[in-house]
Amino acid sequence: MSEILLSLKNVETRIGPYHILHGVDLDVPKGSATMLLGRNGAGKTTTVRTIMNLWRASAGTIHFDGRDITNLETPDVARLGIGYVPETMGIFADLTIAENMRLAAFSGKIDTQRLERIFTMFPAIKRFWLARAGTLSGGQKQMLSIARAIVEPRRLLIIDEPTKGLAPAIVGNMVPIFRDLKQSGVTILMIEQNFAFANAIGDHVAVMDDGKVVHAGTMAELADNEAIQRRLLGLSMASHQ
Amino acid sequence: MVATPAPAAHATDDLPRRPVDWLPMALVPAVALIAIPFIGSPSTWLTLTIAGLAMGVIIFMISSGLMLVFGLMDVMNFGHGAFITLGAYVGLTIFAPLSVWIDSSNLALNLLVLTLGLLAAVVVAGAVGLVFDRVLIRPVYGNHLKQILITMGGFIVVEQLIRAIWGAEMVTLNIPAALRGSLFIGDAAIERYRILALVVGAGVFAAMLLILTKTRIGLQIRAGVEDRDMLEAMGYRTRHLFVAVFVAGAMLAGMGGLMWGLYQQNFTPAIGSQANVLIFIVIIIGGLGSTTGCMIAALLVGLTTNYTGFAEPKIALFSNILLMLLVLLWRPQGLYAVVNR
């Protein structure tokens with residue numbers, strides 16, 4: 001197995017009176033795409049929010065590139081080079097697309113070549129540059145949230161359900177974008193419910209259930225084994241082709 | 001500065017741009033026009049309109065800070081009035097030994113003493129705001145009930161300290177000599193101080209809009225009003241931003257406090273608590289997090305107070321509540337809500 005960039009050991013998270021994560025163990029290898037799968041309520045979003053320290057881990061440790069980040073404040077986690085695209089997309093609706101992108105460039109400067117590459121990936125970003133983000137369609141908002149996360153070089157991209165609510169044609173267009181990102185050397189940790197999409201991008205997979213990782217391995221392994229799919233996910237990938 | 005290529009040249013025509021919502025902006029001239037038949041005399045109407053607008057911009061100054069604090073930090077600061085009282089009394093303290101300059105007919109000396117008073121009010125209110133944030137606000141982030149209780153407690157403490165230092169009796173704050181009296185447009189008398197208040201208020205409004213829309217810190221504030229978690233996940237420390245916004249809000253209230261004190265001329269340490277009610281009416285009418293909404297609401301409150309005070313004093317007692325009720329029936333989130341809470 002290649003070098004581990006992100007590692008969670010026995011992570012537990014409580015939100016108010018609720019005990020959501022019950023000891024999550026997860027390794028994300030460097031330079032690959034790890035897909036986090038599982039039923040609704042399995043704890044996937046809680047896991048990534050805990051990594052970002054938007055919810056604090058009550059037990060366990062989180063290491064990023066060998067450094068313990070369990071108790072780092074969210075801005076410090078982000079400044080390590082971790083881009084985060086939440087399930088809600090997190091775009092600032094009252095700001096223009098240009099303002100959203102400027103804000104995402106923490107250094108205060110957007111690299112022109114990088115921006116041109118983003119424009120190539122997401123032409124709508126260029127077309128609607130001065131429009132308010134709140135006026136974009138759902139798919140365009142998702143494009144903006146991803147574009148924003150990659151406006152500066154990232155070591156790790158955490159993306160929570162990028163295909164949620166999107167038309168199949170748009171989802172199909174996103175596959176080469178993520179493959180391209182992966183080829184550029186970015187490590188990806190992605191929550192995904194669309195198995196076909198996950199299979200098209202993922203190298204590794206972790207399946208969660210009841211606040212724990214119940215299966216970890218390669219994506220190919222899971223894709224080839226219908227019995228494991230049915231047991232862990234209640235569905236087979238074949239039904240999603 | 002952000003280096004961006006020129007995608008601006010690409011038209012946004014094919015996306016239905018969100019239309020500018022002109023209706024709330026039209027309310028101010030609409031209210032002024034509707035008032036004409038009730039006032040009768042055009043010159044009286046003009047006098048009341050200028051007075052209402054001047055009162056409105058001062059209310060904007062004292063309200064805008066709380067609008068940001070409530071919008072960005074989600075903090076229910078019922079102690080905001082303390083900074084208004086402080087501003088008025090610090091101004092009084094600066095003005096007292098400089099009474100010769102205040103009574104001088106030299107406009108430059110008048111403006112100098114006013115500037116000194118405003119600077120002192122801003123600095124003292126900002127410093128007390130910083131202490132307020134550290135000691136009272138920070139421990140109760142995210143808990144509205146505790147925020148209300150502790151900020152009301154803090155307000156009482158500050159107000160009692162002001163009574164202990166400056167006394168509880170009514171004090172008089174003299175307007176500098178060159179700003180006393182009125183200018184006449186036909187038969188309409190326009191008080192000079194109100195013209196100055198309009199200029200200062202418009203300047204504060206323009207500066208706030210400029211900072212919020214043209215600067216990086218303004219971008220962060222606007223983004224933080226919408227989604228604080230996301231802003232943090234982008235690497236920005238909102239805690240620092242919160243402190244800056246809270247202190248800026250206190251400074252604005254201090255500045256507005258002195259202007260409000262000069263507008264009223266005679267006041268007691270209750271000046272802040274009396275203004276508190278107006279402030280909450282204004283930020284509710286304007287919509288949380290909206291500077292433009294706050295300004296429109298403040299102007300509406302100023303105009304309504306002056307018109308009803310003249311035409312029907314009995315209605316004036318509850319005219320602002322009635323105004324709030326009507327606006328909320330039309331737009332339950334306020335005129336321009338940026339955040340929904």
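Our structure's up above, just so we're on the same page.
Residues numbered from 1 in each chain as written. Chains lettered and ligands numbered in written order. Predicted model: local features only at pLDDT ≥ 70, side-chain atom pairs only at ≥ 80, totals over all residues. Heavy atoms only, no water.

Thoughts on the pairing of strand β9 (residues 204-209) of chain A
Here is the key point about a regular strand: its side chains alternate between the two faces of the sheet.
All names here are of chain A.
No. 1: With respect to burial, β9 is a largely interior element, 5 of its 6 residues being buried.
No. 2: As defined by bridge partners, strand β3 (residues 33-38) adjoins β9 across 5 bridges and the pair is classed as parallel. Opposite Met-35, over in β9, you have Val-205 as the bridge partner.
No. 3: Pairing geometry for β9 and strand β10 (residues 212-218), over 6 bridges, is antiparallel. By the bridge assignment, Val-207 is partnered in β10 with His-215. (Buried < 20%, exposed > 50% of the residue type's maximum accessible area, 1.4 Å probe, protein only. Helix = DSSP H or I, 4+ residues; strand = E, 2+ residues; numbered from the N terminus. Pairing = 2+ DSSP bridges.)

What about the interface of chain B and chain A?
No. 1: If you look at the interface, chain B gives 33 residues, while chain A gives 42 residues.
No. 2: Taken together, the two surfaces of chain B and chain A that pack against each other cover about 3400 Å², and 61% of this comes from carbon and sulfur.
No. 3: The interface formed by chain B and chain A holds 3 salt bridges in total.
No. 4: In this structure, A:Glu99 and B:Arg222 form a salt bridge, with 3.2 Å as the shortest nitrogen-oxygen distance.
No. 5: For the side of chain B that touches chain A, the secondary-structure elements that each account for two or more residues are α8 (216-226) and α9 (228-233) of chain B.
No. 6: Sort the elements by how many residues they give to the side of chain B that touches chain A and α8(B) lands first, with 6 residues.
No. 7: Its residues assigned to classes, the side of chain B that touches chain A comprises 17 nonpolar, 6 polar and 10 charged. (Contact = heavy atoms within 4.5 Å. Buried area = accessible area lost by both parts, 1.4 Å probe. Salt bridge = Lys/Arg side-chain N within 4 Å of Asp/Glu carboxyl O. Nonpolar A, V, L, I, M, F, W, Y, C, P; charged D, E, K, R; others polar.)

Quick word on the packing of aromatic side chains
Residues and elements named next belong to chain B.
No. 1: The final tally for this structure, using the stated rule, is 12 aromatic pairs over all chains.
No. 2: Measuring from centroid to centroid gives 5.4 Å for Tyr-89 and Trp-166, while their planes differ by 45°, and the two rings are tilted. With Tyr-89 in helix α3 (residues 80-95) and Trp-166 in helix α6 (residues 144-166), the pair connects residues that are 77 residues apart, well separated along the chain.
No. 3: Residue Tyr-89 is classed as buried on the basis of its relative accessible area, which comes to 0%.
No. 4: Ring geometry for Tyr-141 versus Phe-242: centroids 5.7 Å apart, planes at 85°, classification edge-to-face. Of this pair, Tyr-141 sits in the loop between α5 (107-137) and α6 while Phe-242 sits in helix α10 (residues 238-264); the two residues are 101 residues apart in sequence, bridging distant segments of the chain.
No. 5: When its relative accessible area of 27% is taken as the criterion, Tyr-141 is described as partly exposed.
No. 6: Connected via pairs of aromatic rings, a cluster forms that spans Phe-83, Phe-132 and Phe-246.
No. 7: Against the face of Trp-330 rests Arg-331, its NZ or CZ located 4.5 Å from the ring centre. (Phe/Tyr/Trp six-rings, centres within 6.5 Å; stacked < 30°, edge-to-face > 60°. Lys NZ or Arg CZ within 6 Å of the ring centre and 35° of its normal.)

Concerning a nonpolar patch on the surface
All names here are of chain B.
No. 1: A contiguous nonpolar surface patch, about 820 Å² in accessible area, is contributed by Ile-315, Leu-317, Phe-318, Ile-321, Leu-322, Leu-325, Leu-326 and Leu-329.
No. 2: In terms of residues, the nonpolar patch owes the most to one element, helix α14 (residues 319-330), which gives 5 residues.
No. 3: Mapped onto the secondary structure, Leu-329 falls in helix α14.
No. 4: Leu-329 sits in the exposed class, given a relative accessible area of 67%. (Patch = residues over 30% accessible without salt bridge, like charges linked within 9 Å, V, L, I, M, F, W, Y side chains within 5 Å. Areas by Shrake-Rupley, 256 points an atom, 1.4 Å probe, with all protein chains shown as cover.)

Side note on the nonpolar core
No. 1: With 194 residues, the main nonpolar core has A:Leu37, A:Met101, A:Phe122, A:Phe178 and B:Trp260 as its most contacted residues.
No. 2: Considering every element that reaches this core, the biggest residue donor is helix α2 (residues 42-73) of chain B, with 17 residues.
No. 3: Ignoring any residue separated from it by four or fewer positions in sequence, one finds A:Leu37 in contact with A:Lys44, A:Glu192, A:Phe195, A:Ala198, A:Val205, A:Ala206, A:Val207, A:Met208, A:Met219, A:Leu222 and A:Leu233. (Core = buried A, V, L, I, M, F, W, Y, C linked by side-chain atoms within 4.5 Å.)

Things to note about the pattern of salt bridges
No. 1: Inspection of every chain in the model, using the stated rule, returns 19 salt bridges over all chains.
No. 2: Residue B:Asp229 pairs with A:Arg49 through a salt bridge whose shortest N-O separation is 2.9 Å. Taken as a pair, B:Asp229 in helix α9 and A:Arg49 in helix α1 (residues 44-51) lie in two separate chains rather than in one.
No. 3: Residue classification places B:Asp229 among the partly exposed residues on the basis of a relative accessible area of 35%.
No. 4: As a salt-bridge pair, A:Asp94 and A:Arg132 come within 3.6 Å of each other at their nearest N and O atoms. Of this pair, A:Asp94 sits in the loop between β6 (82-85) and α3 (97-104) while A:Arg132 sits in the loop between α5 (123-127) and α6 (138-149), and the two are 38 residues apart along the sequence.
No. 5: The partly exposed category is assigned to A:Arg132, whose relative accessible area is 32%.

Function-wise, these values are silent; they only describe arrangement.
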